[in-house]
Amino acid sequence: YAGYVTNQVGYLVRSSEALATALTGHDLAAAQAAYMRARPYYEKIEPVAESFTVGSDNLDADIDARANDVPAAQWKGFHRIEQGLFQQRSLAGLASYGAGLVANVKKLQALTKGLTYKPFELANGAQELLDEVASTKITGEEERYSHIDLLDFQANDEGAEQAFADLQPALVKTDATLTAQIAGAFSALDTLVNHYRTGANPSGFDLYTTLTDADKQQLAAAVTAVQEPLSQVPSKVATG
């Protein structure tokens, strides 16, 4: 899992640098596409970033806060850039936010270098990623200007599934039935999310605003089907 985090953070740094470069240009569509390319790498490993909170220094907020999550004067990171690109549809004033984003993801890269992870941390991280899906992706709050919530949704799902996969060989010895139930639920969720893939949008997914209430309810149910058995894993790996 440490190798997975290292790789994703490396991709995050490179894609954030590409986004920052695009924000200094004049091509709005190119900058929007660069934003979409960078987003998944953070969403896959967000619980790791959330662990670096010391006093008022919150790296997750610096990178990923949404409007009103922090005081307006402190708002920066991905979603401040998203607002400019997709709501205001302008590159004006965004270059400094791009540079700040790169600085913060490089800080994340330095903090994660050489980290090791305990089984219960993987289990809790997987649960937190699915909680993210249930609390902000299902509601459409995460990408409120770009509406690429399904891209983030898929990235959260992948990150949770990776953490589970790294626990699976040991977990199957502790509780084979539970392991099979979680694996099956993940597979069903993957299949459902893949249903919304499209080449018509640069994100690779349908915009969230095109989904019906029935679609959202089905996605929520599929997430819950993973969350409920997955919630048992931390205690299993702690005692197993």
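We now turn to the structure provided with this report. Computed from a predicted model, the values in this text were never measured in an experiment.

### Structural notes on the overall build of the chain
- Broken down by element type, the chain carries 11 helices and 2 strands.
- Its C-alpha atoms give the chain a radius of gyration of 18 Å, within 12% of the compact-globule value 18 Å for 240 residues.
- Considered along the principal axes of its C-alpha atoms, the chain spans approximately 55 × 40 × 30 Å.
- Long-range pairs, those at least 24 residues apart, make up 72% of the contacts in the chain with a sequence separation of at least 6.
- If you sum the accessible surface of the chain, you get close to 10700 Å²; carbon and sulfur atoms cover 51% of it.
- Positive and negative side-chain charges in the chain, numbering 18 and 30 respectively, have mean positions lying 6 Å apart.

### Side note on the nonpolar core
- By size, the foremost hydrophobic cluster in this structure holds 70 residues, and its most contacted members are Y35, F78, L85, L108, F153, L219 and V233.
- With residues up to four places along the chain from it excluded, the contact list for V233 reads A123, L167, L171, L178 and I182.

### Description of the packing of helix α5 (residues 78–87) against helix α6 (residues 95–112)
- Where α5 contacts α6, the axes come no closer than 9 Å and their chain directions differ by 155 degrees. By the angle class used here, α5 and α6 are roughly antiparallel. Handedness of the α5/α6 crossing: left-handed. In this structure, α5 uses F78, R80 and I81 to contact α6, whose residues at the interface are Y97, G98 and L101.
- Broken down by class, the residue content of the contact of α5 with α6 amounts to 4 nonpolar, 1 polar and 1 charged.

### Focus: the packing of aromatic side chains
- Scanning all chains against the criterion turns up 7 aromatic pairs.
- Grouped by ring-pair contacts, the aromatic residues Y35, Y42, F78 and F86 constitute a single cluster.
- Taking the ring centre of F78 as reference, the NZ or CZ of R39 above it sits at 4.7 Å.

### Quick look at the environment of R39
- When you line up the elements, R39 lands in helix α2 (residues 28–44).
- Along the chain, R39 and S203 lie 164 residues apart, while their C-alpha atoms are 9.6 Å from each other.
- Within the local environment of R39, its side chain forms a polar contact with the side chain of E43, the two groups lying 2.8 Å apart.

### Here we look at the pattern of salt bridges
- In this structure the tally under the stated criterion is 14 salt bridges.
- We note a salt bridge from K106 to E17, for which the minimum N-O separation is 3.3 Å. Taken together, the residues span a long stretch of sequence, with K106 in helix α6 and E17 in helix α1 (residues 2–23) at a distance of 89 residues.
- Since its relative accessible area comes to 31%, E17 is described here as partly exposed.
- Salt-bridge contacts for R39 lead to E143; the nearest nitrogen and oxygen are separated by 2.7 Å. Pair noted here: R39 is in helix α2 and E143 is in the loop between α7 (119–137) and α8 (149–174), with a separation of 104 residues, a long-range link.
- R39 sits in the buried class, given a relative accessible area of 0%.

### A look at the packing of α1 against α5
- Interaxial distance between α1 and α5 falls to 13 Å at its minimum, and their mutual angle equals 35 degrees. Every pair of crossing elements has a handedness; the one defined by α1 and α5 is left-handed. Residues L12, S16, L19 and L23 of α1 pack against F78, I81 and L85 of α5.
- Across the contact of α1 with α5, the residue classes break down as 6 nonpolar, 1 polar and no charged.

### Brief notes about α6
- Taking 1.5 Å of rise per residue, 18 residues should cover 26 Å, and α6 covers 26 Å from first to last C-alpha, within 8% of that figure.
- The secondary structure elements touched by the buried residues of α6 are α1, α2, α3 (46–50), α4 (59–64) and α5.
- Just past α6, the residue G114 takes up positive phi, approximately 80 degrees.

### As for unusual backbone geometry
- Unlike most non-glycine residues, N68 shows phi in positive territory, near 80 degrees.
- Residue placement: N68 occurs in the loop between α4 and α5.
- Judged by its relative accessible area of 73%, N68 is exposed.

Cut-offs applied
- Residues numbered from 1 in each chain as written.
- Predicted model: local features only at pLDDT ≥ 70, side-chain atom pairs only at ≥ 80, totals over all residues.
- Heavy atoms only, no water.
- Helix = DSSP H or I, 4+ residues; strand = E, 2+ residues; numbered from the N terminus.
- Rg over C-alpha atoms; globule rule 2.2 N^0.38 Å.
- Contact = heavy atoms within 4.5 Å.
- Areas by Shrake-Rupley, 256 points an atom, 1.4 Å probe, with all protein chains shown as cover.
- Lys, Arg positive; Asp, Glu negative; His and termini not counted.
- Charge placed at Lys NZ, Arg CZ, Asp CG, Glu CD.
- Core = buried A, V, L, I, M, F, W, Y, C linked by side-chain atoms within 4.5 Å.
- Buried < 20%, exposed > 50% of the residue type's maximum accessible area, 1.4 Å probe, protein only.
- Axes fitted to C-alpha atoms, helices over the stretch in contact; angles between N-to-C directions.
- Parallel < 35°, antiparallel > 145°, perpendicular 65-115°, else oblique.
- Left-handed = near helix turned anticlockwise from the far one by under 90°.
- Nonpolar A, V, L, I, M, F, W, Y, C, P; charged D, E, K, R; others polar.
- Phe/Tyr/Trp six-rings, centres within 6.5 Å; stacked < 30°, edge-to-face > 60°.
- Lys NZ or Arg CZ within 6 Å of the ring centre and 35° of its normal.
- Polar contact = N/O pair within 3.5 Å; in protein donor to acceptor, adjacent residues only side chain to side chain.
- Salt bridge = Lys/Arg side-chain N within 4 Å of Asp/Glu carboxyl O.
- Expected span 1.5 Å × (residues − 1).

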